[in-house]
Amino acid sequence: MSYIEINGGKQLNGEVNIQGSKNAVLPILAATVLVNGITKLNHCPKILDVFNTISILEAIGCIVYWENSSLIIDTTKLNTSTVPDEYVKQMRSSTIFMGALLGRTNSVTISYPGGCTIGKRPINFHLEAFQEMNVSVEDDGNLIHCTTKRVKGSNIFFKMPSVGATENVILAAVLAEGKTHIYNAAREPEITELCKYLNAAGAKITGAGKDEIVIDGVDYLHAVEYTNPSDRIVAGTYLTAVAGTGGEAVLNGIGCSSLQTVISLLKEMGNTILCGEDYIMISSSGKTKPIPFIYTAPYPGFPTDMQSQMMSVLIKASGTSNIYEEVFENRYQNVPELIKFGADIVINDKEATINGVSLLKGSDVFASDLRGGAGLVIAGLMATGKTTIHNPDFIKRGYEDICKDLRNLGADIRYMS
Ligand code: EPZ
């Protein structure tokens, strides 16, 4: 079984180019189904979740191939609206194909996506919205079968701003009859990118990035080329890694705008950060001030996808910090692993109390989810001695090559098989 090996305790210095965004490219790849033709998608990350999504596109009859870091997707020969079960089990975000297949074929059949280690992750908001849009939903708890004569625009009110549900409604609404208003929409930058891609293909969407989005149904979408943005969570991961170890780094290919809450916290913790048009510079002493309260929240709040990475930096802060994980019900999987390094963390329901310690020692630890795995890498870089991290495939779901990127910053880290 492969694992990651780190010899920690070194500062990080250097430059790294940030890969394409996982959470922007996945819904855009599903959205290509709405274009009855060819999409060229530049700056796609070569990560497991993208490979899984390519398998789904091929399984439903699309032709997909790489040209360097661009993906060419031809959906003209799409021949089924059933998403193969094996892929849904591997990647629950395959549910994003529901809206796109409804819009293209007026039907979709998909097995219930399992939850994952961070939470149950229901899709009730998605299904309730489809029913408001003239879609009949049969759901036997295993298989979901949705059909419609034609998707009809409607007013959709979300109880809470769900990223996936917002994306699925947008995808179902783009070729629908009439107008769809989404109220309490998610405002993540990935939603804005999805809408920019769709509008570039001829959709009529306004309000992306705000809590009210309006989609005016059109008859078809034309071939399009689009460039996927850089991954803000990968960038945030590397910023927190430097904050934890100390050093100076430049992240190329991304600005600060999509990471404002992360950057303001890193500054409060004692780091210096400079924002360029297309780069972020961080300078860190490696000494971290504690943060009394951090609440994860939908964008533009502090992103839950940065919670594990931030926790790893705070375990060596000069005092006590408190994190409140408000988005997912089980996103503290890393805590027992961090305690192996010598961290002092107490969990009480949603609250994690972190009493900073001065020394972390390298350990043998196990990743149990994508961002938790990234958090363990950061802790290993901060710890003195050798760390081994098992289950690295969790990390490969979202990071093209975290070891190579961090070696560019001087880390002593590698995949071992
Ligand atoms: C997206 O997941 C991201 N994944 C997640 O990133 C991210 O953590 C999450 O948004 C929040 O920002 C992708 O974009 C592929 P939600 P999603 O629907 O869409 C509840 C990563 O590490 N909910 O906004 O599944 C849900 O249980 C991943 O890259 C319902 O109750 O997130 C959760 O508590 C992890 N019913 C909350 O809403 C629903 O129908 C937020 O979920 C839908 C969601």
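A quick note: this is a predicted structure, and the numbers were derived from the prediction, not measured.

Turning to the pattern of salt bridges, a few remarks are in order. Evaluated as defined, the whole model comprises 14 salt bridges. Where Lys350 meets Glu326, a salt bridge forms, and the shortest distance between an N and an O atom there is 3.3 Å. Linking Lys350 in the loop between strand E19 (344-348) and strand E20 (351-355) with Glu326 in the loop between strand E18 (320-324) and helix H11 (335-340), this pair joins segments that are 24 residues apart in sequence. For Lys350, a relative accessible area of 39% translates into the label partly exposed. You can call Glu326 partly exposed: its relative accessible area is 34%. Close ionic contact of Asp412 with Arg414 constitutes a salt bridge, the shortest N to O distance being 2.5 Å. On the accessibility criterion, Arg414 (28% relative accessible area) is partly exposed. When salt bridges with common partners are traced through the structure, they connect Glu5, Lys386, Asp412 and Arg414 into a single cluster.

The next thing to look at is the environment of Ala379. Mapped onto the elements of the fold, Ala379 is located in helix H12 (residues 370-382). Taking relative accessible area as the criterion, Ala379 reaches 0% and is therefore assigned buried. A C-alpha to C-alpha distance of 5.4 Å links Ala379 and Ser312, two positions 67 residues apart in sequence. Setting aside chain neighbours within four positions, we find Ala379 in contact with Ser312, Ile315, Leu338 and Phe341.

Another point: the domain arrangement of the protein. Taken domain by domain, the protein comprises domain 1 (3-19 + 231-416) and domain 2 (22-227). Computed from C-alpha coordinates alone, the two centres of domain 1 and domain 2 are separated by 30 Å. Taken together, the 24 residues of domain 1 in the interface contact 21 residues of domain 2. Here domain 1 meets domain 2 over a buried area of about 1,900 Å², counting both sides, of which 52% is carbon and sulfur. Considering only the side of domain 1, the residues that lose the most area to domain 2 are Tyr299, Arg397 and Glu400, jointly responsible for 31% of the buried surface there. Of the charged contacts, one joins Arg232 and Glu190 as a salt bridge, the two residues approaching to 2.7 Å between their closest N and O atoms. Elements with a contribution of two residues or more to the side of domain 1 that touches domain 2: H12 and helix H13 (393-396).

Attention now moves to the pairing of E19. Sheet analysis places E19 next to E20, joined by five bridges and oriented antiparallel. Its bridge partner lying in E20, Asn348 is registered against Glu351.

Taken together, the four strands give an open sheet; going across it, the order is E4-E5-E3-E13, and neighbouring strands pair in mixed fashion. For this open sheet the edge positions go to strand E4 (63-67) and strand E13 (224-227), each flanked by a neighbour on one side alone. With strand direction ignored, the average angle separating the axes of adjacent strands in the sheet is 15 degrees. Relative to E13, strand E3 (residues 38-42) runs parallel, the two being bridged by four bridges. Residue pairing for E13: Lys40 is matched across the bridge by Glu225. On top of the sheet, helix H1 (residues 22-31) reaches E3, strand E5 (70-74) and E13; it is set at about 170 degrees to E3, its chief contact. Its contacts with the sheet place helix H2 (residues 48-59) against E4 and E5, and it is angled at close to 145 degrees to E4.

Further remarks concern the layout of surface pockets. In this structure, the second largest pocket occupies an estimated 270 Å³ of space. Around the second largest pocket, the lining is made up of 15 residues, and of these Glu193, Pro229, Ser230, Ile254 and Ser258 lie nearest the centre. The leading source of residues in the lining of the second largest pocket is helix H7 (residues 189-200), at three residues. A class-by-class count of the residues in the lining of the second largest pocket yields four nonpolar, six polar and five charged.

Another aspect to go through is the site of the ligand. In the neighbourhood of the ligand, 22 residues make up the surrounding shell, with Asn124, Ser162, Gly164, Asp305 and Val327 lying closest. A distance of 2.7 Å separates a nitrogen atom of the ligand from a polar side-chain atom of Asn124. Compared with its free state, where it exposes 830 Å², the ligand has 87% of that area covered by protein. Those elements that provide at least two residues to the shell around the ligand are H1, helix H5 (124-132), helix H6 (163-173) and H12. The biggest single contributor to the shell around the ligand is H5, with three residues. Residue composition of the shell around the ligand, grouped by class: nine nonpolar, seven polar and six charged. Formed jointly, the shell around the ligand draws a minimum of three residues from each of two domains, domain 1 (3-19 + 231-416) and domain 2 (22-227).

Two pairing modes exist for strands in a sheet, parallel and antiparallel, and in both the strands are linked by backbone hydrogen bonds. Strand order in this open sheet of four strands is E2-E14-E16-E15, and the pairing throughout is mixed. Pairing within the sheet leaves two strands with one partner each, and these edge strands are strand E2 (12-17) and strand E15 (272-275). Within the sheet, the average angular offset between the axes of one strand and its neighbour, ignoring direction, is 10 degrees. As judged from the six bridges shared by E2 and strand E14 (residues 247-252), these two strands associate in the parallel manner. Within E14, the residue paired with Gly14 across the bridge is Ala249. Lying over the sheet, helix H8 (residues 232-245) contacts E2, E14 and strand E16 (279-284), oriented at roughly 170 degrees with respect to E14.

Rules used in this analysis
- Residues numbered from 1 in each chain as written.
- Predicted model: local features only at pLDDT ≥ 70, side-chain atom pairs only at ≥ 80, totals over all residues.
- Heavy atoms only, no water.
- Salt bridge = Lys/Arg side-chain N within 4 Å of Asp/Glu carboxyl O.
- Helix = DSSP H or I, 4+ residues; strand = E, 2+ residues; numbered from the N terminus.
- Buried < 20%, exposed > 50% of the residue type's maximum accessible area, 1.4 Å probe, protein only.
- Contact = heavy atoms within 4.5 Å.
- Domains from an automatic or database assignment.
- Buried area = accessible area lost by both parts, 1.4 Å probe.
- Pairing = 2+ DSSP bridges.
- Axes fitted to C-alpha atoms, helices over the stretch in contact; angles between N-to-C directions.
- 1 Å grid on protein atoms, 1.4 Å probe; cavity = no way out; pocket = protein on both sides within 12 Å on 5 of 7 lines; lining within 4 Å.
- Points joined across faces, edges and corners; volume = space filled by probe spheres on them.
- Nonpolar A, V, L, I, M, F, W, Y, C, P; charged D, E, K, R; others polar.
- Near = heavy atom within 4 Å.
- Polar contact = N/O pair within 3.5 Å; in protein donor to acceptor, adjacent residues only side chain to side chain.
- Areas by Shrake-Rupley, 256 points an atom, 1.4 Å probe, with all protein chains shown as cover.

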